[in-house]
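# Descriptive structure summary
Here is how the chains run, residue by residue.
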Amino acid sequence: MKEAFTTKAPRTPRATKQTRMHIRKYLVHLGVLGALVVSFSGSAAEPAPELYRKHCAECHGADRFGLMGPALLPENLSRLRKDAAAAMIRDSRPAVQMPAFRDVLKPEEIKQLADYLYTPVPMPQWGEAEIRASRIVHHAPGSLPDKPQFAADLMNLFIVVEGGDHHVTLLDGDKLEPIHRFPSRFALHGGPKFTPDGRYVFFASRDGWISKFDIWNLKVVAEVRAGINTRNAAVSGDGKYVAVANYLPHTLAIFDADLNPLKIHAVRDKDGRQSSRVSAVYTAEPRKSFVAALKDVKEAWEVSYDPKAPEIPAGMIHDFQYREGAFVPGFLNPKRAVLDDYLDDFFFTPDYNEVMGASRGKDGEGGRGQVVNLDVRRSIATLELPGMPHLGSGITWDWQGRRVMATPNLKEGVVSVIDMKTWKTIKQIQTPGPGFFMRSHENSRYAWVDAMMSRSHKDTLTVIDKQTLEVAAQLKPVPGKTLAHIEFTKDGRYALASLWENDGALIVFDAATLQEVKRIPASRPVGKYNVWNKITRSEGTSH
């Protein structure tokens, strides 16, 4: 299949070229604003726009609208004080890939740069008209064969997102060999989402592109630009709808499976005063809904994709029985849960009636955990967790007759194990350093967690015995290099880890003996996703 590795990237549509023309105008405004910042500061340091171009634009975009990193605009920095932003530039912080600049920039340059990030810029328009104009159909529905064009177990395939050179590899989970490799949009989010039959997978890029890929035919079939700076996407349990969480603009965008826009929600609080970024959106399949976490408003939204969903009361209702008051359709409109704290990150309980969420805190220094009941639409319990738990990467299993959930921590070297009935922490398991991903499998005795957020222990995987809650092993196959993100084969026999380097690899371990089996070259494989584990919502993987 030699041609599979030379697939051409999709052509840039006319709408994108028009967008670039608009961005050039915004850059002119940026230059004027930057000059004002410099003139008022009286500093002899390099002008702020030039500092930004040199040190920030590669990850956050020349226009500050975001790329691999988030948008850096006043509208998106409401939870970060200016002095805290300067401290972050100087020292970095947990849970980010950004380096510290204390040895690169002078104190006055750091202050100047922080001031620059809080200067307003003209906001681009990216609503339904722009979204529709951006849509590309590479292969019309029904134009490709309804059978796979290769031989493999379709349920034991892996989608491997390679961030080093912006490609995606389709991997055979039985043979542990690549089937196909193709170029992707720039800076894909690491969490592609599958349709329930496993035929299609949807990718979200940080600059807002949603791509639909037909696995059976090895073709990108449709694309649309849902936003300018996007967090992630979710696919409904029936495969008919796609929801997209945006940082810029502040929208929750909903599409049909062919990527036609159906509803673009401007995200604001219940009073309509405060707009908000959308931290994440996930599918609650048993509830036939999407659940979204809001970054800047203490609310969670639940949006039903059931066309028969009951109407939602809007504002004051005098009498429900006689429908005295205002109602909106329940289909594709949000129900709001008003919370005790922000929800940056969350995890569904097995019945999907609650979410366990965490806040990153006012200035990104860690908050607290909470349990939100989606039926009563409010917080019902507090989670006592250290540091900055990464609940979105949590997993569950049965332990001594009860269901427990375990989460890694972005700030401390600890895995917290929580009783899902009492919401109490059973045990804090020490690890070499803060980690991002935790994974297991129903057929495995072990849970695996990385320490990729640690500068000194990023090369270490910790393997935890799920019954004793003790560390069973620590693996360091490539000392000094970043090791992250475990995913299991369909049967749980093998565990695949990412050597997170541009000249990296997938390192395959025997999940029982913990011995290395083989390495598969890959360019900074930020994640790999098994079709079966994802569409069956395995207890050992995130959803």
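A brief structural summary. (Residues numbered from 1 in each chain as written. Predicted model: local features only at pLDDT ≥ 70, side-chain atom pairs only at ≥ 80, totals over all residues. Heavy atoms only, no water.)

Relative placement of two packed helices is described by the angle separating their axes and the distance separating the axes. As a packed pair, helix 4 (residues 82-91) and helix 5 (residues 107-117) sit with axes 9 Å apart at the nearest point and diverge in direction by 125°. Between helix 4 and helix 5, the angle is such that the two are oblique. The hand of the helix 4/helix 5 crossing is right-handed. Along its contact with helix 4, which presents K82, A86, I89 and R90, the element helix 5 presents I110, L113, A114, D115 and L117. Grouping the constituent residues of the contact of helix 4 with helix 5 by class yields six nonpolar, no polar and three charged. (Axes fitted to C-alpha atoms, helices over the stretch in contact; angles between N-to-C directions. Helix = DSSP H or I, 4+ residues; strand = E, 2+ residues; numbered from the N terminus. Parallel < 35°, antiparallel > 145°, perpendicular 65-115°, else oblique. Left-handed = near helix turned anticlockwise from the far one by under 90°. Contact = heavy atoms within 4.5 Å. Nonpolar A, V, L, I, M, F, W, Y, C, P; charged D, E, K, R; others polar.)

Looking now at the packing of aromatic side chains. Applying the stated rule across the entire model yields 13 aromatic pairs. Judged by centre distance (5.4 Å) and plane angle (85°), the ring pair of F346 and F348 falls under edge-to-face. The burial state of F346 is the same as that of F348; both residues are buried. A centroid spacing of 4.8 Å and a plane angle of 35° characterise the contact between F348 and Y352, whose relative ring orientation is tilted. By relative accessible area, Y352 is classed as buried at 6%. Taken together, Y241, F290, Y305 and F331 form an aromatic cluster joined through their ring pairs. Directly above the ring of Y247 sits R277, whose terminal nitrogen or CZ lies 5.1 Å from the centroid. Note that K490 overlies the ring of W532, its terminal NZ or CZ placed 5.3 Å from the centroid. (Phe/Tyr/Trp six-rings, centres within 6.5 Å; stacked < 30°, edge-to-face > 60°. Buried < 20%, exposed > 50% of the residue type's maximum accessible area, 1.4 Å probe, protein only. Lys NZ or Arg CZ within 6 Å of the ring centre and 35° of its normal.)

Taken in spatial order, the four strands of this open sheet run 27-28-29-30, and their pairing is antiparallel. In this open sheet, the two edge strands, each paired with only one partner strand, are strand 27 (438-439) and strand 30 (470-475). Bridging between strand 29 (residues 461-465) and strand 30 involves five bridges; their strand directions are antiparallel. In the sheet register, V463 faces strand 30, and the bridge partner there is A473. (Pairing = 2+ DSSP bridges.)

It is worth spelling out the nonpolar core at this point. One finds F203 and I215 to be the most contacted residues of the largest nonpolar core, which totals 30 residues. The contact partners of F203, leaving out residues within four places of it in the chain, are I159, V161, V168, F182, L188, P192, W209, I210, S211 and F213. (Core = buried A, V, L, I, M, F, W, Y, C linked by side-chain atoms within 4.5 Å.)

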